[in-house]
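The lines below spell out each chain.
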Amino acid sequence: MIKVGIIGCGIIAQAHAKGWAQIQMEGKAQVLATCDADRGRAGLVAEKLGADAVYDRWEDVLRSDVQAVDICLPHFLHRDAIVAAAEAGKHVMIEKPLCLSLKEAEDIREAKQKSGITIMCAHNQLFHPAVGHARKAIEEGRIGKVLSARTVDCFHISRTAEQWGWRAKVATAGGGCLIDTGYHPSYLLLYLVGARPMAVAAMNGNYAQPMIEGEDSANVLVRFEGGAVGNIFTSWAWDVPGSSWQFQVTGEKGQMYGRGSRFFFKPLKSEPIEESMTPVDAFEAEVAHFVACLEGGTRPLQTEEDGITVLKVILAAYESNQEQKVVQIT
Ligand SMILES: NC(=O)c1ccc[n+]([C@@H]2O[C@H](COP(=O)([O-])OP(=O)(O)OC[C@H]3O[C@@H](n4cnc5c(N)ncnc54)[C@H](O)[C@@H]3O)[C@@H](O)[C@H]2O)c1
């Protein structure tokens with residue numbers, strides 16, 4: 001039975017709480033403490049999960065006898081909370097993005113190495129059945145060598161300045177849509193192509209969200225080792241374009257595309273075939289995976305090292321957009 005604390009009880013913590021409720025029912029974990037600067041929010045999540053302790057400072061969670069923490073804080077607090085958790089010897093599941101700079105990433109890497117904790121990046125879209133299926137199909141060679149890929153996450157947002165909150169400022173969010181919603185298609189692209197990202201070119205814009213400092217849309221090209229080129233397409237200014245899927249991967253022998261639990265395989269010069277799969281709640285699946293990794297001492301699907309690679313692509317995209325040039329990733 002893994003003892004857990006949840007740090008940050010805002011919007012996404014509600015989705016995680018469903019996952020924790022499920023794993024608690026299975027008797028594999030128990031959330032003992034919740035924490036939010038707004039104690040009322042922490043109290044609501046605690047009530048749902050039967051947690052006894054409600055705090056407004058994460059230091060108190062880290063002093064308690066939880067073994068692991070689920071961090072759902074605003075972006076600018078990720079580094080400090082992860083490093084503090086590592087110093088307290090608590091395993092970490094961290095919402096995206098891992099952190100905001102390569103210096104912060106280095107601090108996290110060092111704290112983890114000193115403490116020996118497990119860090120899992122909560123890249124929930126990798127738990128969509130179609131994504132796992134696609135990765136396996138690519139590894140099995142069904143589309144041959146991967147040549148091109150596109151990943152998409154877009155939705156139109158209408159929010160007040162208050163609702164934008166910490167997301168309105170580059171200092172607290174790290175950017176706009178790309179480092180937030182666009183982080184999903186970024187890790188998804190890297191996961192599906194499965195090669196080292198070498199160079200990035202980006203064109204970002206803000207079309208419909210004057211209340212935020214950062215971009216509300218980004219169109220990013222990534223060249224991978226081996227030659228494949230990927231496209232990350234993300235926006236808070238419009239919904240997913242009609243012809244787009246969550247992912248589309250093209251190889252020498254065909255292509256595959258899908259979204260959530262829908263998956264299509266289209267051999268070259270043939271009609272697409274839908275392969276059926278059972279829908280799952282990706283947040284429940286990621287919580288279950290984290291607990292299983294802690295129980296078994298195994299490596300999570302994505303660790304801080306994967307998070308750092310995603311961050312490198314995103315930071316290179318910001319530099320590319322700013323400098324209007326192709327940026328090499330080292
Ligand atoms: N995986 C997804 O699909 C998804 C979706 C939304 C958000 N997220 C990620 O989840 C994280 C949180 O986003 P959100 O939308 O839930 O934000 P949010 O603003 O709704 O929640 C953040 C919470 O942290 C609390 N907080 C702020 N400072 C604190 C502090 N010092 N100590 C304790 N609590 C503090 C706030 O009171 C708030 O309740 C971000 O990293 C975001 O990118 C992921």
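Just so you know, these numbers come straight off a predicted model, no measurement behind them.

Remarks on the overall build of the chain
Part 1 of the reasoning: Along its length, the chain carries 11 helices and 15 strands.
Part 2 of the reasoning: Relative to the 2.2 N^0.38 estimate, which gives 20 Å for 330 residues, the radius of gyration of the chain is 20 Å and therefore close to what a compact globule would have.
Part 3 of the reasoning: C-alpha atoms of the chain, sized along the principal axes, occupy 60 × 40 × 40 Å.
Part 4 of the reasoning: Buried positions account for 48% of the 330 residues belonging to the chain.
Part 5 of the reasoning: Across the chain, contacts joining residues at least 24 apart in sequence account for 70% of those joining residues at least 6 apart.

Looking at the site of the ligand
Part 1 of the reasoning: Taken together, 22 residues lie near the ligand, and Gly8, Gly10, Ile12, Ala37 and Glu95 sit nearest.
Part 2 of the reasoning: If one sorts the elements of the shell around the ligand by residue count, helix α1 (residues 11-25) sits on top with three residues.

Comments concerning the nonpolar core
Part 1 of the reasoning: Formed by 98 residues in total, the largest nonpolar core has its most connected members in Ile7, Ile71, Ile82, Leu192, Ile314 and Ala317.
Part 2 of the reasoning: Here this core spans two domains, since at least three of its residues come from each of domain 1 (2-124 + 284-302) and domain 2 (125-279 + 311-328).
Part 3 of the reasoning: Setting aside chain neighbours within four positions, we find Ile7 in contact with Cys35, Trp58, Val61, Val69, Ile71, Cys72, Leu73 and Ala81.

Here we look at the sheet that holds strand β2 (residues 29-35)
Part 1 of the reasoning: Spatial ordering of the open sheet is given by β3-β2-β1-β4-β5-β6, a layout of six strands whose pairing is parallel. Of all the strands in the sheet, the pair left with one neighbour each is β3 (53-55) and β6 (119-121). Looking at each pair of strands side by side, their axes are set apart by 25° on average, direction ignored.
Part 2 of the reasoning: Across three bridges, the pairing between strand β5 (residues 91-94) and β6 is parallel. Looking across to β6, one finds that Met93 is bridged to Met120.

Considerations on the packing of α1 against helix α2 (residues 39-49)
The axes of two packed helices give the description: the angle between them and the distance between them.
Part 1 of the reasoning: Running from amino to carboxyl end, α1 crosses α2 at an angle of 20°, the nearest separation of the two axes being 10 Å. Viewed along their axes, α1 and α2 adopt a mutual orientation that is roughly parallel. Judged by the sense of rotation from one axis to the other, the crossing of α1 with α2 is right-handed. From α1, Ala13, Ala17, Trp20, Ala21 and Gln24 reach across to α2, where they touch Val45, Lys48 and Leu49.
Part 2 of the reasoning: Of the residues belonging to the contact of α1 with α2, the class tally is six nonpolar, one polar and one charged.

Observations regarding the environment of Thr234
Part 1 of the reasoning: Relative to the helices and strands, Thr234 resides in strand β10 (residues 229-235).
Part 2 of the reasoning: Using a count of 29 C-beta atoms within 10 Å as the deciding quantity, one classes Thr234 as buried.
Part 3 of the reasoning: It is 24 Å that separates the C-alpha atoms of Thr234 and Phe265, two residues lying 31 residues apart in sequence.
Part 4 of the reasoning: Ignoring anything within four residues of it in the chain, the contact list for Thr234 reads Asp153, Cys154, Cys177, Leu178, Thr181, Gly182, Pro185, Ser217 and Ala218.

Some details on the domain arrangement of the chain
Part 1 of the reasoning: Considered domain by domain, the chain is made up of domain 1 (2-124 + 284-302) and domain 2 (125-279 + 311-328).
Part 2 of the reasoning: Between domain 1 and domain 2, the C-alpha centre-to-centre distance is 26 Å.
Part 3 of the reasoning: Counting residues at the interface gives 15 residues for domain 1, matched by 13 residues for domain 2.
Part 4 of the reasoning: If you list the elements that add at least two residues to the side of domain 1 that touches domain 2, you get α5 (102-115) and α10 (282-296).

Side note on the sheet that holds strand β9 (residues 217-224)
Part 1 of the reasoning: If you walk across this open sheet you meet the nine strands as β14-β13-β12-β11-β7-β10-β9-β8-β15, and the pairing is mixed. Each having just a single partner strand, β14 (273-276) and β15 (327-328) make up the two edges of the open sheet.
Part 2 of the reasoning: By the bridge criterion, seven bridges tie β9 to β10 in an arrangement that is antiparallel. By the bridge assignment, Val222 is partnered in β10 with Gly230.
Part 3 of the reasoning: On the sheet, helix α11 (residues 304-323) packs against β8 (197-205), β9 and β15 and is oriented at approximately 50° with respect to β8.

Some thoughts on the environment of Ile179
Part 1 of the reasoning: By the secondary structure assignment, Ile179 is in the loop between α8 (170-173) and α9 (183-193).
Part 2 of the reasoning: Sequence separation of Ile179 and Arg63 is 116 residues, and the distance between their C-alpha atoms is 31 Å.
Part 3 of the reasoning: The contacts of Ile179, once residues within four sequence positions are left out, are Pro97, Ala173, Gly174 and Ile314.

Conventions used here
- Here the residue numbers are simple positions, counted from 1 along each chain's written sequence.
- Predicted model: local features are reported for residues with pLDDT of at least 70 only, side-chain atom pairs are reported and counted for 80 or more only, and whole-chain, interface and lining totals are derived from all residues.
- The way it works is that DSSP assigns letters per residue, a run of H or I at least four long becomes a helix, a run of E at least two long becomes a strand, and they are numbered from the N terminus.
- Put simply, the radius of gyration uses C-alpha atoms, and a globule should come to 2.2 Å times the residue count raised to 0.38.
- Three classes are used. A residue is buried when 20 or more other C-beta atoms lie within 10 Å of its own, exposed when 12 or fewer do, and partly exposed in between, with C-beta atoms placed from the backbone.
- Residue pairs are scored as contacts if the distance between their C-beta atoms, which are placed from the backbone, is within 7 Å.
- Contact assignment follows one rule, namely that a residue is near a molecule or strand if its backbone-placed C-beta atom lies within 6 Å of it.
- Note on terminology: a nonpolar core is any set of buried Ala, Val, Leu, Ile, Met, Phe, Trp, Tyr and Cys residues joined through C-beta atoms within 7 Å.
- Residue ranges labeled as domains rest on an automatic or database domain assignment.
- Should DSSP find at least two bridges between two strands, the strands are regarded as paired.
- Here an angle of 0 to 180 degrees is reported between the N-to-C directions of two axes, which are lines fitted to C-alpha atoms, with helices fitted over the stretch in contact.
- In these notes the angle categories are as follows: under 35 degrees is roughly parallel, over 145 is roughly antiparallel, 65 to 115 is roughly perpendicular, and the rest is oblique.
- Left-handed describes a crossing in which the near helix is turned anticlockwise from the far one by less than a right angle; the clockwise case is right-handed.
- Here the term charged refers only to Asp, Glu, Lys and Arg, the term nonpolar to Ala, Val, Leu, Ile, Met, Phe, Trp, Tyr, Cys and Pro, and the term polar to all other amino acids, Gly among them.

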